[in-house]
Amino acid sequence: MPKRTVTAVVTNGMTGEPIRRALVTLFEGGANARCLTAGDGRCQIEKVSDGATQAMVQKPGYFEGNPESGARSHTVFTVSAANTDVALRLYPGAKIVGRVLDGDGEPIEGVQIQVFAEEIVEGRRSWVGRNSTTTDDDALYSIEELTPGQYLVFAGSHIL
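Reading guide: rules and limits
Residues numbered from 1 in each chain as written. Predicted model: local features only at pLDDT ≥ 70, side-chain atom pairs only at ≥ 80, totals over all residues. Heavy atoms only, no water. Helix = DSSP H or I, 4+ residues; strand = E, 2+ residues; numbered from the N terminus. Rg over C-alpha atoms; globule rule 2.2 N^0.38 Å. pLDDT = per-residue confidence, 0-100. Disulfide = S-S within 2.5 Å. Buried < 20%, exposed > 50% of the residue type's maximum accessible area, 1.4 Å probe, protein only. Pairing = 2+ DSSP bridges. Axes fitted to C-alpha atoms, helices over the stretch in contact; angles between N-to-C directions. Salt bridge = Lys/Arg side-chain N within 4 Å of Asp/Glu carboxyl O.

The helix and strand inventory of the protein chain stands at zero helices and 14 strands. Going from the N terminus to the C terminus, the protein chain shows its helices and strands as β-β-β-β-β-β-β-β-β-β-β-β-β-β. Relative to its length of 160 residues, the protein chain is extended, with a C-alpha radius of gyration of 21 Å against a globular reference of 15 Å. Dimensions of the protein chain, computed from C-alpha atoms along their principal axes, come out at roughly 70 × 40 × 30 Å.

Here it is, written out as structure tokens:
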């Protein structure tokens, strides 16, 4: 079976700019092959067999998948003489930070914070929990690894 050199190109899914130092992993036949992208967002993996291959790309502060639904996914493509390139997109992660104060402006420690995103589930709009945390000693909180979008933030039983 022929072996090919696969070129992966990793770009920012929001801006189209190349992403350097992203880790690309190809899964083929139980083996993994990896490369790190250069400044132009490209890297090459040699000796890849023809056929269906799954690619995953990682970089801290970014995620794979659909920014609309928050679904994370890998790319499946077929390697052949006519197809040795794979385009991969990463999306910048988002985070929500804040501070919880009482009616007198005093910080409140230990408040449960929950974040919800709107999704279509079984054909209906619903709010789905994304992440949660608790305020620290200074009443601060940070919720990371969110896809860009709109969220509802609840502090205890209050919408922020």
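Scored by pLDDT, the protein chain has a mean of 88; 91% of the residues are at 70 or more. By mean pLDDT, the top-scoring element of the protein chain is strand E1 (residues 3–12) (94), and the lowest-scoring one is strand E14 (residues 158–159) (56).

Following the criterion strictly, the structure yields one disulfide and no others. Each sulfur of the disulfide joining Cys 35 and Cys 43 lies 2.0 Å from the other. On the accessibility criterion, Cys 35 (11% relative accessible area) is buried.

Here Ile 96 lies in strand E9 (residues 94–99). For the pair Ile 96 and Asn 83, spaced 13 residues apart in sequence, the C-alpha to C-alpha distance is 41 Å.

In this section: unusual backbone geometry. The backbone phi angle of Lys 47 is positive, close to 60°, even though this residue is not glycine. Along the chain, Lys 47 falls in strand E4 (residues 42–49). Notably, Ala 139 is not glycine yet its phi reads approximately 70°, a positive angle. Among the structural elements, Ala 139 can be located in the loop between strand E11 (124–134) and strand E12 (140–146). Judged by its relative accessible area of 1%, Ala 139 falls in the buried class.

Overall, mixed pairing links the four strands, which are arranged E4-E1-E8-E6 in an open sheet. Every other strand in the sheet has two partners, leaving E4 and strand E6 (62–63) as the edge strands with one partner each.

Ordered in space as E3-E2-E5-E7, the four strands form an open sheet in which the pairing is antiparallel. Each edge of the open sheet is held by one strand with a lone partner, namely strand E3 (31–36) and strand E7 (75–79). Each strand axis lies, on average, 30° off the axis of its neighbour in the sheet, ignoring direction. Pairing of strand E5 (residues 51–58) with E7, which is carried by five bridges, proceeds in the antiparallel orientation. The residue of E7 that forms the bridge with Gln 54 is Val 76.

On inspection of all chains with the given rule, the structure shows three salt bridges. The shortest N-O distance in the salt bridge between Arg 125 and Glu 118 comes to 3.8 Å. We note a salt bridge from Glu 119 to Arg 130, for which the minimum N-O separation is 2.5 Å. With Glu 119 in strand E10 (residues 112–121) and Arg 130 in strand E11, the pair connects residues that are eleven residues apart, well separated along the chain. Of the residues examined, Arg 130 reaches a relative accessible area of 28% and is grouped as partly exposed.

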